[in-house]
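Per-entry structural report
So the chains spell out like this:
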Amino acid sequence: LHWSRYHTMSDNESEESCAGTKEEINLPTAESKSERISAKRMVMHVADPTVSAQDLQFITLVHPRLNKPVKYARTKDAIFEINKHKKPAGSWFVDQTVLSSGDFYLLTRMDSLFLLLPRLNESSRAFSNLSDIMTGQDNLRGTITEAQLRLVCDTQDVDDELYFRLNSDRLLAWLRLKVKQLEDVKILQETYSAEGEDQARVARSLLKLRIGVVGEYLSSELMGKLAESFDVKLSEFSRAKAVVKEARTHSGVTGVKRKGSKDDVEQSPAKAKPKVSTGVAKLAKVNTKGMKGINTFFQAKK
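Summarised in this report is the structure supplied together with it. Computed from a predicted structure; not experimentally measured. Here the residue index of a chain counts from 1 through its sequence in written order. Two thresholds apply to this predicted model, a pLDDT of at least 70 for residue-level local features and 80 or more for giving and counting side-chain atom pairs, whereas whole-chain, interface and lining totals are computed over all residues. With hydrogens and water stripped out, all remaining heavy atoms of the structure feed into the side-chain values.

Before going further, it helps to spend a moment on the packing of helix 6 (residues 199-215) against helix 7 (residues 220-229). Convention adopted: a line fitted to C-alpha atoms gives each axis, helices being fitted over their contacting stretch, and angles between N-to-C directions are expressed from 0 to 180 degrees. Secondary structure follows DSSP: runs of H or I at least 4 residues long count as helices, runs of E at least 2 residues long count as strands, and numbering of each begins at the N terminus. Look at helix 6 against helix 7: their axes get within 10 Å of each other, and the N-to-C directions meet at 155°. Regarding the angle of helix 6 to helix 7, the classification is roughly antiparallel. For the pair helix 6 and helix 7, the sense of crossing is right-handed. Contact residues: helix 6 offers I211, G212, V214 and G215, while helix 7 offers M223, L226 and A227. In the scheme used here, Gly and all other residues not listed as nonpolar or charged are polar, with Ala, Val, Leu, Ile, Met, Phe, Trp, Tyr, Cys and Pro taken as nonpolar and Asp, Glu, Lys and Arg as charged. Among the residues forming the contact of helix 6 with helix 7, the class breakdown is five nonpolar, two polar and no charged. For classification, angles of less than 35 degrees are called roughly parallel, those exceeding 145 degrees roughly antiparallel, those between 65 and 115 degrees roughly perpendicular, and all remaining angles oblique. We call a crossing left-handed when the near helix sits turned anticlockwise from the far one by less than a right angle, and right-handed when that turn is clockwise. In this description, contact between two residues means that some pair of their heavy atoms is separated by no more than 4.5 Å.

Let us look at the sheet that holds strand 10 (residues 128-129). Strand pairing requires that DSSP identify at least two bridges connecting the strands. Strand order in the open sheet formed by three strands is 10-12-11, with antiparallel pairing between adjacent strands. Single-partner strands in this sheet number two, and they are strand 10 and strand 11 (153-158).

What follows is about the nonpolar core. Ranked by internal contacts, the top residues of the largest apolar core, which has 42 residues, are F114, L120, L175, I211 and L218. Mapped onto this core, the elements with two or more residues apiece are strand 4 (57-62), helix 1 (113-122), helix 3 (146-152), strand 12 (161-166), helix 4 (168-181), helix 6 and helix 7. Per element, the largest residue contribution to this core is seven residues, and it comes from helix 6. Grouping buried Ala, Val, Leu, Ile, Met, Phe, Trp, Tyr and Cys residues that are joined through side-chain atoms within 4.5 Å yields what is termed a nonpolar core. For the exposure calls, accessible area comes from a 1.4 Å probe over protein chains only, and a residue counts as buried if that area is under 20% of its type's maximum, exposed if over 50%, partly exposed in between. Formed by twelve residues, the second largest nonpolar core is a distinct cluster that contains M44, A73, I82 and L107.

Following this line, the structure appears as structure tokens:
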């Protein structure tokens, strides 16, 4: 990944506000403007060079798979999901401040239509215009277009106004296309790139991996239909939460140990011994008998 810049998220700002500088914006934990809950300062990276800190607004939306409120970021016309990269040890130096946590948050643009699927499913018995569909979806307004809805819905033109109704066949075709688009994602290909393995098994493992990634944004029922369309059973693979972590670990993005499963076609490599520089190696051979330890310099004088 190319870390072109970072921002630090600060405390005690409202959900719709940003601080005055490019370096500090807020990731609130309050569910409304009236609620103000302090959030710790943290570092984030926006994986889009065209987006600045002032463009971002942090919002709460119901996750389509988890069916519970989750934090997202948005600009005027786009939604960004927030992924936390957790390090077992580390810290950040920001200006004259040291942040004790070495964690950072990666913001990546996502297809906002995934977030509207539960709403479209609820109103699938009748045609509705865009305004009616977006009722109660204030945090999504401006990020959903009629062109997006045409991809998964039947349409009717009434008095020069378009009305939409979810079409299950169109929806499944759209989801299958999402899976196909992941074929060219290098990080997924490298996860199962072991030489000498059964190529048919590798191809199926990659297929399950791609379905799992798309399935992270779907209800269990819809995930099952998508998998079935590829002749894959849900019981055959783990959800993307595990396999994406595995893919990132394999590529060196995270420090989390790779976990094996019976579907893996590549074994975890043996843990390599850390390399030691020549200087450190020489110091290790020095006779330190009778020498004072460095901690003695920080002790109170008697």
